Structures are given as C-alpha cells and as structure tokens.
Amino acid sequence: MKAAVLLSLLAAAYISANAEPINVYPVPVKDGAQSLNGDWSFKYLAGHEGGADADFSKPEFDVSAWKKIRVPGNWELQGFAEPHYDLDLQDGLGLYRRTFRVPADWRGGRRVCLRFEGVAYGFEAWVNGTKVGASAASAYNPSTFDITDALKPDVNADNVLAVQVTTKPFAYEFDVNDDWSLGGICRDVTLFSVPATHVQDVTARTTLVANGAADLSLSVSLSQPDGVIHGKLLSPKGEIVKEFDFPKQSDASCQTIVHVTNPQLWTAETPSLYRLQLSLSDKGRLLQTIERPIGLREISIKDSVLLLNGRPIKLHGVDHHDMDPVDGRAITEREMRRDPELMKKGNINFIRTSHYAPNERFIELCDELGFYVLDEVAIGKGEKHMSDPAYRDNMLARTEATITRDKNHASVIVWSIGNENPITDLLLECGKHARELDPTRPICYPAIGSYFDKNYESYPEFVDIFAPHYPNNAMLRRFAEKLKRPVILTEYAHAWGLATDRIQDQWEILQKTPTFAGGAIWHFQDQGILHVVKTPHTDFSKPLGSVWLDKNSFYDTHDADGCDGIVYSDRTPQSDFWEVRKVYSPVQITAHSIAVKSGAQEITLNVENRYDFIALTGKELAWSLQRNGAEIQKGDVALRAAAHESESVRIPLNIPTNATNDVLALDLRCVDERGMQITERTVRLDLAATNRGAWMSSLPAAGNPKITESNAEVKIEDANWVLIASRSTGELTIRNRTGQLLVAGIYPHPGRKPTMAEARSARTAGTWTNSTLTELVAPEVKVTQEGSGIRLDVSGTYPRPKPIEEKKPEKKTGDPLLDQEARNGQPESTDNESFIGGYQADVAPGGTITISYDYAPTNATGHFLEVGLSIVLPPELTEFRWIGQGIYPGYPGKDRLNEFGIFHLNREDLRFQGNRRETELALLSTPAGAGVALVTTAAADISVERDGDKTLLSHNAVISGLGNKGSSPETFISADKTPHIAGSFTLVPLDNTWPAALTRWFGKPSAATEVFHPFYESYDQ
C-alpha cells in the first residue's frame, strides 16, 4: 500500500515537472473528442493571490457555493468583473472547476489529451489535484497536454479538472492590442484520445508544375517510428483523385508527393476544397484516421507583384477582431459565420486577423466561403519588450504556435509578425523563424506609416511584403514609384466614427499599381460590448462614443476608442459599409450620365470585370428605365467579360416623348448566379432642353407681394405666406397664411457638427464647428421695391462664437495625438474672427424667393468643414425629399456609395443627417406638405442637420472631405485662404397643396413609409 502511494506521488511529481504542451494532431468533436464546454463552477478574485481558495485544485476542496460560469466565455461579460480596455487590463484571478469521465475505450495504452484553444491570458491546469499543464505563450494559441497519468483508474469515477486563469502572466501585453481586454477561458476546451503511436503533425504544401498540374507535398510526423500511413485525396465533388502510401522512414516522419493533373485550384473566387484522408496502421491494425480539407494553390512573388496561382491578385480587405457585444471573445459558430457572410455582401475578399490568430473555425469558414487571410502573430502593444532577450522564447513560441495551427489552411496567404512594432533583432528573428517553418508564404511587419517611411530601406530581404499604415494620397503615390516589393496596406482609411475618407481615391491607386496588392480598412466592426444601466439615460447633449438600444442599454465602445467599424457592434451596416461595398465591387460601371433623346434608341455602357480569376459569365445586369422613380421599361443582359477585361453592353431604351423635365434614370443591378446583388449603378439620363427649374415660373401670382415697414421690422406679404425680418437682430421668419411657421431663420453656415475623427483635433486645428452664426452685429436690414418684386437685404458682421472651455485631461491617454492636444490644446483665440457680408432675398410674384449670399471670412483662422447659408426649419418639418445623389450623405472623397435618384427620408432616419451631393431640388415639409423647397440652378451640395428640435437646411458653397482619425482630409479648406463664401438658390414656401411638378416627381405629400431607426441614439448621427 505504501509502495503504491509512493509510486502515485512520484508520478504526480513527474507530471507536474513536465506539464508542458505537447505536439499532437487534435481530434475534433465530430470524430470522438469530448467537449468540456458548458457550465463550470467559478470564483473570481481581484488581484493575483488565491488566499483562502489557494487549494481549490485539490479534489476535496468544496466549491459547492461557487457560482456557475459559461465556458467558453469571458468573466467580465457574465457579471464577475468590470471590463477594461487595452493596457488598462486589471489584476484578476479566475478559478474554474468541473468534473468529467473518460470513456473506457480511451484506456489500454492510449493517451488522453486535454486541449485549450484559447485562454486569456495565462493559466495552470490540474487533474485530480495533479498539475497537468500551464501556458502563458499566448491567449489566442492552443495548448494541449497529456493527462493520462493523472486520471483515476476507475472509468466510472469522476475526474476533477481545475484551471486557474490569471490576467497578467509574462508577456500579457502582447495580447491586449486595441480592443477590450477580456479574461477567461474564451475558446473551446476538449478531451480526446490518441493511440500510443499517433500523428503529431501534418503539413500540406502545393507547388504548381508544368502542364497546369499541381504537386501536393505531404509531410507527417509521428510520435514514434512505428506504423505506416495510407492516404486518399478526394476531389471537391467527393471523387477519389489519388490513393497513395507514404514511403517508410527510419525516423518518426514520412513524406510523399501527390501529383494532381487538371487541379481545381483554390482562390477566394473559386474556393474549391479537396479532402485529404490519412490512415495510420501498425501491422495491419488501424490506429488512427485523419481527414481535413485541403486547398490546392500556390503563393508567389514575381517582379514585386504578389501572385496566387501565377496571377496577380487584389486584396479588398478589412481588419477583424473575434468580438461580439454579448459573447465577447467567445464567439459562436453563428457569429463566426455571420461576419464573413456580411463581408461577402460588402465585396470584401481579404481579412487581416488583427491582432492575433482568430478562432480556427473562422479560418475554416474563410477556406470554405472564399477569403484571403493575413494571419497575425500576437506580438503587439508590448513594444518595450521587443529588444529584451527575456521575451525571445515567448515571441518565438507565439510565432510557431500560429503557424503550426494554421499552415494547412488555403485561405491563409501571408503571415503578419506583430503589429506596429519597431523592427528589432528579436522581431526579425521571429520573421526568420516563420520563414523556416513555412517557406511557402510571405511575411510582413505592419508598421505605422511615418515609421515605415523612415525605415523601409533598412528592411532585410527576407521581409517579403511592405505593410505601411495610413498613408495619405501623396505618400501613397510616392510609394507607388519607389517601393520595390509587394505592398499591402494592412490598415488604411480608418473608419473611426463615420470617417472612411480616402478609400475611393486610394483604391484606384491600389488598383492601377501592380506592386500594390491591396489593403485592409480599420476596422470591420465597432468593438462594443452590451452594457445595461439601472438609471435611464436621457442626456444626449454631449457627443457619445456609444450606440444606445434604449434608455437603459447600449454598446459600450470605451467612450470612442472602439467606434472604428464599418458596421456597428451588432453588425448593422454604417454608411461606411456601403462606401466600401461600392469601391470594392469587382464589377464597375463608370457611366455617370448619358445624353438621350425622345423615342427608341440604344445606349452603350462599359462594364469592367475586376475579378482576378473568373469571367462574368453567369452574372446578369438587370436594368430598369425609371421615370420619376417609377419603372416604365426593364430588361437584363448576360455578362461575359473575362477577368481584368471590360465589355460593352447595349441597352434598348424607349424614352417617352412627353418626358421633358421629368427625372429620367437608368437603374442597373449586377446580380450573381445565386441572386446576390454585387453592385448597382444609376445613370442619369439627360434629355435636351430639360429645365426642371421651369416649374417656378409657372406658379400662379395672386397679386404682387407687399411691403410693410416699421422701426422694428420689415414685413413682406405674399398671397400664401408672410416674411418678417427684425431690424435690430436680422432674424427672419416665414409663416403661411394660417400662421404656421415654415422658416425660423436664415444664417451664415460656417460649419457643422464634427464627426468623431474631426472632433478629436478640432480644438488644436481651430475647426469651425458652429453650424450657424446667429449673432449679427450692427445689422443692416433694407427692403426695396424692384418692379413687381421686392428685394430684402440683411447684412452686417457675424462674430465667431468663443469655444466652451473644457478641462484638460489629468493624465496621459497613451495616444500621442491626444496627449499633444492635452499639452497644447487651448483653442486659438477667436477675437475679431467673423463673417462680414449678407444675403439678398428677391421675392417674385408667385411666391418664389431667390437668395444670393456673399460673406467674407475676416481674420479667420483654422479650417472649415462646410460653409454656406442655412435655413432654420421648425420641428414639424420632418420629411426630407430631394433629387440628386443619395440615399446616404456624401462628401469629397466619400461619395461613391451614392447614386442619382429621387429620395425621401424622415428626420428620425439614421441616414437623414449630412450633405447630399449634386442636389437639384430639396424639400423639407410636414407629412401634410407644408414646408419649403430649395431649388438650385446647378447641382449643388445641400445638407440637413438636426439642431436640437429644429432642422438646418443648408446650401454649401464649399465643402471639405471627412478625413480619417488623426489626419486631415484630402479636400481641406483653410479659413485664411477662403476670401469669400458665395452662392445662390431659390426658396419656395409650400402649403399642403403642392405645384404639379412636385407631385409629378415626388408624389403627393405624405410621411415616409419606412424609417431606418435601429437605435435609440447613436454617435455621429
């Protein structure tokens, strides 16, 4: 008895001393592994000391009073601790317990393995009180341990598994990069069994050879030299392509090459997957079988161009975190599938796994659905460790674990060694190790753009791909001329808030430059987690970096840190998503407008195929001739252009002879074989002699307008409305004959509410963020009779309001730009800054008011976002209609998402606020029709903005781009270089009975039937 106890103690001591991860090819649950996912007993401790619970790993320790936790899961999202962001990770200890039984057929010389797919951030594991494993190599790489000798002999006995998780193990900083830092067992935990002789690793590599064939090189390592391996390769249809045996080797590894003629090569456009079946036998006895999908494809570089299967490819990409607002890092199968399926709808074909290897199932879905993946080794944020030899083994272990797990996935085409790190000797060693482990894929080091620009010439030759971040257009053009290696912008067009400026211009540069392989927008989704508060939230007066579902629940994005997706946290698409979808579309139709004539005719369109491998055969271009928004003719055309080619498409149209002054458009929809819409285009059709503004001259004049003057005000009366201008303030109102307020003011429009990215630097940049200048110094209000019409002049000096002083941050944020603002962020003086000038309102019989304005920014500093003249409209005017570009806001550098047409939005619609480009006519009215029409003589930028309960309808004379986080827009308006702000338009007050032209274009007055209002409140809206 004593001897047995001694042997048991010795075995436990041996296991504890050798509780290192082992190399073993994992067995999936579908092939007999036992999932340990589910409810575990759990206790959370602040700090890193177990205290009274230090002996929790002992089976006799009582955990009956502990709460339950879901595994996989993050303890912060299950109520055990508060979540923290990035390096703000808090000290914490998570104690997990559960029991399990081992099937009887797993005994008898077999080995039982325990596998953790991901634990944040370091852990130790015990079975029946014996330590069986520990790891701090990475929160997002798997660890497998042999627990056989720690199991109870009785197969009917419960084995006790205890796991202690700590938040701050050695090198934890590498795992907390630009997202929520959530702790716990966040990926699957499984038990599986393998024979004593078993497969440790499989490596599959493809080489394309002569006559279009492919050689599949296979290498298998075994735990010991015993056994022989037989293989089968099945085609994507399930047919046997080859059966083969591996030559016997003297050691525990074996290799063979399978020659495949006429292979179906894997690409993101044709994600054909073969099935590799391997069986391990010894002396005729089957020991183990393995089956996995294999994609036959080859990555190479030639003449500084990234090639797949010998052809150049373009990567239309996004950066992506494993993150869900409810499940956090423990994303489910449904959630993993949801994102790539939505990306497909956005014409995205490339995913950078920022900033760590994702759940392997996500990679499998990329194989199946067709995505190119840049797989990132989790070495980031801990820049201070990059030259410390103490971190060498950890950095190399992360590199090896990532490559070992994902090397057989067809979708993975590039290894990324960390993120935005200085290029140190240790980091270069990791890159060399990656090349040794996998010479078939290139590597890159994503770098901050300014750092890259200064250092790229010193990058060693084995760094295959350059990966600079956030170049502006000028820098990108310079890179196109100078860089002699393939380039992937692993982060560009930062989507913080709603600021994907540059993507459309930069993508055309990427498209035309052979060495530019493509890029990934930061970021796909907002990093928000669902948070519920007890006290209802009602104060939305200050900008929020959150999206509220109701008064008590919101997606917490750590203020504004995580508001950088092209979709919201719940994957509701933002306007950025539609911009990306349009720019990334593999089918491009460039026609903007076409001159047509009345009667039958054919028009010709050019359709460009930007696919890299497939023709447009099987895809259709459905077309519809629209007259005032209604379809009057339709058809479809089969497309066939080869990859990288264009074709001319002829469409027969019959333009009605009585369509003069109607809104004519050709609506185009490109649809694939499954019925999914790839892209759309609406081409404006221009009839000769069309003048849609002519309707105003036909308005009935019920007598000439009349003037009434006093010392206090000027009154102009039309048959349908009354205008009053105050002499002391210049304030102007227009009411209809029933006294209903239609216009509540007309003011200079020096700016708008800034986007999140613009607000970040608004103080130091002197950005004009006031939407209107309402204070008029020394006003001059004049009225004169002009024949049968009347002219009203309102002019004077409009001073720039002083900014509201804000308290400086008390500590550094870790963001260099924000810290610079904290040091130097006092707003520039606004003394003597003003707009000097005014507007003229010419009232004509019939009730039209032609407004011309001219303001001189005087002593102006900083820069303008948009400048013009604003009409202030009362709350009741909720319906916005326009003819122009829509349905989303558009700006210089961000207007490809929109198309020409007739649109109608309610004020509560998420898409309501913002500028509309090429606008001919805009209406703001009540649902019954009372309101105003704004008519432009030439297509103009017209914006709408919520201003408290009122709405601003603004004519923009000049307008800037939106920029990106931390960078100015390409279209930038310096205040001191803008001597005049001038423009003109016509305002028409409306009652409930609209002129015939308006009802012909827009229909009768009504409320919008569909209001896109997915949130109670959201940022940048």
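The rules behind each value
- Residues numbered from 1 in each chain as written.
- Predicted model: local features only at pLDDT ≥ 70, side-chain atom pairs only at ≥ 80, totals over all residues.
- Heavy atoms only, no water.
- Axes fitted to C-alpha atoms, helices over the stretch in contact; angles between N-to-C directions.
- Helix = DSSP H or I, 4+ residues; strand = E, 2+ residues; numbered from the N terminus.
- Parallel < 35°, antiparallel > 145°, perpendicular 65-115°, else oblique.
- Left-handed = near helix turned anticlockwise from the far one by under 90°.
- Contact = heavy atoms within 4.5 Å.
- Nonpolar A, V, L, I, M, F, W, Y, C, P; charged D, E, K, R; others polar.
- 1 Å grid on protein atoms, 1.4 Å probe; cavity = no way out; pocket = protein on both sides within 12 Å on 5 of 7 lines; lining within 4 Å.
- Points joined across faces, edges and corners; volume = space filled by probe spheres on them.
- Pairing = 2+ DSSP bridges.
- Core = buried A, V, L, I, M, F, W, Y, C linked by side-chain atoms within 4.5 Å.
- Buried < 20%, exposed > 50% of the residue type's maximum accessible area, 1.4 Å probe, protein only.

## Focus on the packing of helix H8 (residues 503-512) against helix H9 (residues 575-584)
And then number 1: Look at H8 against H9: their axes get within 10 Å of each other, and the N-to-C directions meet at 25°. In this view, H8 runs roughly parallel relative to H9, as classed from their interaxial angle. Crossing hand, H8 versus H9: right-handed. Mapping the contact onto sequence places Ile503, Gln504 and Trp507 in H8 and Glu579, Val580, Val583 and Tyr584 in H9.
And then number 2: For the contact of H8 with H9, a count of residues per class yields 5 nonpolar, 1 polar and 1 charged.

## Some points on empty space enclosed by the protein
And then number 1: Summed over all chains, the structure comprises 5 cavities of 30 Å³ or more.
And then number 2: Volume-wise, the largest cavity comes out at about 90 Å³.
And then number 3: Lining the largest cavity are 13 residues, with Gly227, Pro247, Lys248, Gln249 and Cys254 sitting closest to its centre.
And then number 4: Where the lining of the largest cavity is concerned, the elements lending two or more residues are strand S17 (228-234) and strand S19 (253-260).

## Topic: unusual backbone geometry
And then number 1: Each neighbour pair has its own omega, and for valine 71 with proline 72 the value is 0°, a cis peptide bond.
And then number 2: Among the secondary structure elements, proline 72 is positioned in the loop between strand S3 (67-71) and strand S4 (84-85).
And then number 3: A cis amide bond links glycine 886 to the next residue, isoleucine 887, at an omega of 15°.
And then number 4: With respect to the element layout, isoleucine 887 can be found in the loop between strand S57 (879-886) and strand S58 (899-906).

## Notes on the sheet that holds strand S20 (residues 274-282)
And then number 1: Pairing is antiparallel in the open sheet, where 4 strands are placed in the order S18-S17-S20-S21. Of all the strands in the sheet, the pair left with one neighbour each is strand S18 (240-245) and strand S21 (285-294). Along the sheet, successive strands turn relative to each other by an average axial angle of 15°, direction set aside.
And then number 2: With 5 bridges joining them, S17 and S18 adopt antiparallel strand pairing. Each residue of the ladder has a partner; that of lysine 232, found in S18, is glutamate 243.

## A closer look at the nonpolar core
Soluble globular proteins: nonpolar side chains tend toward being buried together.
And then number 1: In terms of nonpolar packing, the biggest core is built from 61 residues, with Ile348, Met395, Ile417, Tyr492, Ile521, Ile566 and Tyr584 touching the most fellow members.
And then number 2: The biggest single contributor to this core is helix H5 (residues 425-437), with 5 residues.
And then number 3: Ignoring anything within four residues of it in the chain, the contact list for tyrosine 492 reads Tyr470, Ile503, Gln506, Trp507, Leu510, Gly519, Ala520, Ile521, Trp522 and Tyr584.
And then number 4: Ranked by size, the runner-up nonpolar core spans 53 residues in total, among them Tyr839, Ile849, Leu869 and Leu905.

Purely geometric stuff here, so don't read any function into it on its own.
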